[in-house]
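Each chain, letter by letter, is given below.
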Amino acid sequence: MKKTIDEINERIKDGSVAVVTADRMSEIVSELGPQKAFEEVDVVTTGTFGAMCSSGAFLNFGHSDPPMKLVDVWLNDVKAYGGIAAVDLFIGATQASRSRGEVYGGGHVIEDLISKKPIDVFARSPGTDCYPRKELETTIQIDDLNQAIMLNPRNAYQRYAVATNSTERMLDTYMGPLFPNFQNATYSGAGELSPIPNDPNFDTIGIGTRIFLCGGEGYIIGEGTQHNPRGHFSTLMVTGDMKGMNPEFLRGASFKNYGPTLYIGIGVPIPILNEKIAENTGVRDEDLLTDLLDYGIQRRDRPVLAKVSYSDLKSGEIEVEGRVIKTYPLSSYSLAKKVADTLSDQIKRGEFFLSESVKPLSTTMVQNPMRETKEHPLVMDVMVQDVITVKEDYNVQQVAKTMVDGQITHVPVVSNEGKLVGMLTAWDIAKMVAQGREALAGEIMTRKVLTADLDEPVELAARKIEKYNISALPIVNSENRVIGIITGDMISRLIGRGR
Amino acid sequence: MKIRLVYTPSIIQEPLIAEIILETGAKININRADIGAVSGEMVVDVPEDKYNRVVRLFRDKGLKISLLHQPIFRDDARCIACGICTLICPIGVFTIEEDWSISLEAERCIQCGVCVAVCPTSALALSEGEV
Ligand code: SF4
Ligand code: SF4
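Residues numbered from 1 in each chain as written. Chains lettered and ligands numbered in written order. Predicted model: local features only at pLDDT ≥ 70, side-chain atom pairs only at ≥ 80, totals over all residues. Heavy atoms only, no water.

Concerning the interface of chain B and chain A
The test is simple: Every residue pair with non-hydrogen atoms within 4.5 Å of one another is taken to be in contact. Joining two parts hides part of their accessible area as seen by a 1.4 Å probe, and the buried area is that hidden amount summed over both. What counts as a salt bridge is simple: a side-chain nitrogen of Lys or Arg found within 4 Å of a carboxyl oxygen of Asp or Glu.
Each partner contributes to the interface: chain B provides 19 residues, whereas chain A provides 24 residues. The contact between chain B and chain A buries some 1,700 Å² in all, and 66% of this surface belongs to carbon and sulfur atoms. The interface formed by chain B and chain A holds one salt bridge in total. Across the salt bridge formed by Arg78(B) and Glu111(A), the nearest N and O atoms sit 2.8 Å from each other.

Re the site of ligand 1
To keep things clear, this is the line we draw: One heavy atom within 4 Å of a molecule or strand is enough for the residue carrying it to be called near that molecule or strand. Each residue receives one of three labels: charged for Asp, Glu, Lys and Arg, nonpolar for Ala, Val, Leu, Ile, Met, Phe, Trp, Tyr, Cys and Pro, and polar for the others, Gly being one of them.
The environment of ligand 1 is made up of Arg74(B), Cys79(B), Ile80(B), Ala81(B), Cys82(B), Gly83(B), Cys85(B), Ile102(B), Cys119(B), Pro120(B), Thr121(B) and Leu124(B). Residue composition of the shell around ligand 1, by class: nine nonpolar, two polar and one charged.

Observations concerning the packing of helix α2 (residues 16-24) of chain B against helix α3 (residues 51-60) of chain B
All names here are of chain B. We count it as follows: Helix axes are fitted to C-alpha atoms over the stretch in contact, other axes to C-alpha atoms as well, and angles between N-to-C directions run from 0 to 180 degrees. Secondary structure is summarised from DSSP: a helix means a run of H or I of at least four residues, a strand means a run of E of at least two, and numbering begins at the N terminus for each. The hand of a helix crossing depends on one turn: near helix anticlockwise from the far one by less than a right angle means left-handed, and clockwise means right-handed.
Across the interface, α2 lies against α3 with an axial gap of 11 Å and an inter-helix angle of 140°. For α2 against α3, the interelement crossing comes out right-handed. When α2 is examined against α3, the residues Ile17, Ile20, Glu23 and Thr24 are found in contact with a partner set consisting of Arg53, Val54, Leu57 and Phe58. Of the residues that constitute the contact of α2 with α3, the class distribution is five nonpolar, one polar and two charged.

Regarding the site of ligand 2
Taken together, 13 residues are adjacent to ligand 2, and Cys89(B), Cys109(B), Cys112(B), Gly113(B) and Cys115(B) come closest. Here the residues of the shell around ligand 2 are counted per class, giving eleven nonpolar, two polar and no charged.

Remarks on the side chain of Arg210(A)
All names here are of chain A. Keep this limit in mind: What qualifies as a polar contact is a pair of N or O atoms within 3.5 Å, subject to a donor-acceptor requirement within protein and to the restriction that residues adjacent in sequence count only when both atoms come from side chains.
Note on placement: arginine 210 falls in strand β18 (residues 210-213). Engagement of the side chain of arginine 210 in a polar contact is seen with the side chain of tyrosine 219, the distance being 3.0 Å. A polar contact is formed between the side chain of arginine 210 and the backbone oxygen of phenylalanine 353, at a distance of 2.6 Å. Setting aside residues no more than four positions away along its own chain, arginine 210 makes contact with Glu217, Gly218, Tyr219, Pro269, Phe352, Phe353, Leu354 and Ser355.

Comments concerning the pairing of strand β16 (residues 184-187) of chain A
Residue and element names in this part refer to chain A. We apply this condition: Residue burial is assigned from relative accessible area. The probe radius is 1.4 Å, only protein chains are included, and a residue is buried under 20% of its type maximum, exposed over 50%, and partly exposed in between. We call two strands paired when DSSP finds no fewer than two bridges between them.
Covered by surrounding structure in β16 are Asn184 and Thr186 together with Ala185 and Tyr187, the residues of both alternating faces. Relative to β16, strand β13 (residues 162-164) runs antiparallel, the two sharing two bridges. Bridge pairing links alanine 163 to threonine 186 in β16. Of the pairings in the sheet, the one linking β16 to strand β27 (residues 323-329) comprises four bridges and is parallel in character. The residue of β27 that forms the bridge with tyrosine 187 is proline 329.

Topic: the domain arrangement of chain B
All names here are of chain B. Applied cut-off: Segmentation into domains, and thus their bounds, comes from an automatic or database assignment.
Segmentation of chain B into domains returns domain 1 (2-67) and domain 2 (72-124). The C-alpha-based centres of domain 1 and domain 2 are spaced at 27 Å. Across the contact, five residues belong to domain 1 and six residues belong to domain 2. Roughly 420 Å² of surface becomes buried between domain 1 and domain 2 when both sides are summed, with 50% attributable to carbon and sulfur atoms. Considering only the side of domain 1, the residues that lose the most area to domain 2 are Lys2, Asn31 and Arg32, jointly responsible for 76% of the buried surface there. Viewed at the interface, domain 2 and domain 1 are joined by zero salt bridges.

Side note on the domain arrangement of chain A
Residues and elements named next belong to chain A. For chain A, the domain assignment lists domain 1 (5-52 + 151-360), domain 2 (62-145) and domain 3 (379-498). Placing the centre of domain 1 and that of domain 2 at their C-alpha centroids yields a distance of 32 Å. With 19 residues of domain 1 at the interface, the matching set in domain 2 holds 19 residues. Regarding the contact of domain 1 and domain 2, the summed buried area is about 1,400 Å², with carbon and sulfur atoms giving 67% of it. The three residues of domain 1 that bury the most area against domain 2 are Met242, Lys243 and Pro260, which together make up 41% of that side's buried surface. Run the count over domain 1 and domain 2 and you get zero salt bridges.

What to know about helix α1 (residues 5-14) of chain A
Along an α-helix, residues three or four apart share an orientation, since each turn contains 3.6 residues. All names here are of chain A. Counted only if it meets this: The directions from the helix axis to the C-beta atoms are what the arc is built from.
All of the buried residues in α1 are Ile5, Ile8, Asn9 and Ile12. The arc that holds the buried residues of α1, viewed along the axis, is 100°, so those residues lie on one side. In this structure, α1 carries Asp6, Lys13 and Asp14 as exposed residues pointing more than 90 degrees from its buried face. Lining the buried residues of α1 we find β2 (43-45), β23 (269-271) and α6 (333-348).

Points about the packing of aromatic side chains
All names here are of chain A. Rules: Here a pair means two rings of Phe, Tyr or Trp (six-membered ring of Trp) with centres within 6.5 Å. Their orientation is stacked below 30 degrees between planes, edge-to-face above 60, and tilted elsewhere. As a reminder, the over-ring test applies to NZ of lysine and CZ of arginine, requiring each to be within 6 Å of the ring centre and within 35 degrees of the ring normal.
Scanning all chains against the criterion turns up eleven aromatic pairs over all chains. Arranged with centres 6.0 Å apart and planes meeting at 35°, the rings of tryptophan 74 and phenylalanine 122 form a pair that is tilted. Of this pair, tryptophan 74 sits in strand β5 (residues 72-75) while phenylalanine 122 sits in strand β10 (residues 119-124), and the two are 48 residues apart along the sequence. Judged by relative accessible area, phenylalanine 122 falls into the buried class, the value being 17%. Look at tyrosine 174 and tyrosine 258: their rings are 5.7 Å apart centre to centre, the planes differ by 55°, and that puts the pair in the tilted class. Of the two residues, tyrosine 174 is situated in the loop between β14 (171-173) and β15 (176-178) and tyrosine 258 in the loop between β21 (250-255) and β22 (259-267); the sequence distance between them amounts to 84 residues. Given a relative accessible area of 29%, tyrosine 174 falls into the partly exposed group. Among the aromatic residues, ring-to-ring pairing joins Phe49, Phe255 and Tyr263 into one connected group. Positioned above the aromatic ring of tyrosine 295, the side-chain terminus of arginine 302 is 4.0 Å from the ring centre.

As structure tokens, then:
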């Protein structure tokens, strides 16, 4: 037995359509089985509401008089991309304001437009014979624009990795604040309510699928960027007319020490055309696994610490190797539910009809990491290998002499077995001398020592040095013996040479 | 009841709070204290029954007082119920409820301010209090 989208649209028209939200459908499928569920339900509505950085909008301003090619343009002091014709612009969600920094950005401009707030426009141009004007200042709101079209290259991730932090330092990330030593984990996505998990093989979702986008009507126009169906990280590229959107279903946002973004509400209706599709929409949070990643490792390939399910995540804590980690959502489940409920109501009221997709999304696309043609130096390429060290029982005098003889300003302190136990700087020694105090290296050294790895890019070592305001990082081997040292001075010299 | 005290650093030298506690027998709880170069600020919790007397004494000693009936405000039109505030608040003012709404017990807030900086939609603001 089968149904068609036309038949479902007929039922929407005459009001007899049976619509349920995806969380309810999971219960129906497990109670009645897929066959019965297929017979009872025509449409399943999904929803998600999360921070979707890869979002933006095309805006058309119409021509000024005298005309001007809008080249360098700021909307509420947020830079928009003007390299497309004369009066078309693209504003991206994560662009930060020139004057206000990370607290206001492209995502806020998009929200303010949809909320019909006035937007200050400032533009500059070199001027041409056909576009003579060089500077322009005006204030517009969305109704003054000819078109305001949201176009988001990557939205509605199938699932998203969970973030935690193994280091001893707090991290501010796009996954929110991550406390030291695995104190918390943050996750994103609505799990069984999310669009793609309900149709992971794209039996119905494709190019041309009509969707609910930020309260208005939108369309899927293709695979999102980084669409990775084999890895279960599929994404959607979507578009919609901003003039029909509702500010309740999107929100300009900013993550501390990361910057601006845009929270977006997306709902995709899944027509239950056959039993197989019904079965897929029966997906439950416990079936949806995702990776727990250590954001303390600042590399592309972060180690996967564990596989966890959305039901574990939603329970508020996960257990990893005997350790309990508290979990916190970053996306809004209550608004995701509201998206699915609202879409469901629109279909029941005959206000939203389903569309036939013209081409399903790819199930085979693969994604590769960036090709980098310029080698970046690693710590092992630049570190000093003959490291001068001092022993824990050296007195201030001996440490000072070692530093002067070696012409160094930092010195690792090692135990009798040669293992790294601390660091001393010229400043620590100067303080002791100034106070006329006697002490042993082991008593005054800094015990918590940040180290660098041999194969760590110098760039990352430089960031540690800058962020934690230190001046040197020792490199240790697996036995915690010092095998090298890299200092801020070395890095500045290297960068000075390279650029 | 919570109050915010603003004082000059010179007052810190005096055992002010101790004196008031001894005089009134009120169990005053210091929620938070910041001491800067030119001024200091403290949020304290005062038991309801001794509240009026304690406030009068603080005023007599020359401290500026604001009453924090509701130390933190949330703009519910901006809040998206993401739950990040539940993660960051050291006091546990915010809670994720069964239905995924986020409740807040504003009166427990000690005005540390971290949630204000972390809330992605700028939905939270500290109250100035009533003078
Ligand atoms: S962090 Fe802000 S937006 Fe998120 S739930 Fe708390 S108040 Fe609401
Ligand atoms: S300011 Fe925010 S984080 Fe601090 S106690 Fe109050 S509610 Fe909690």
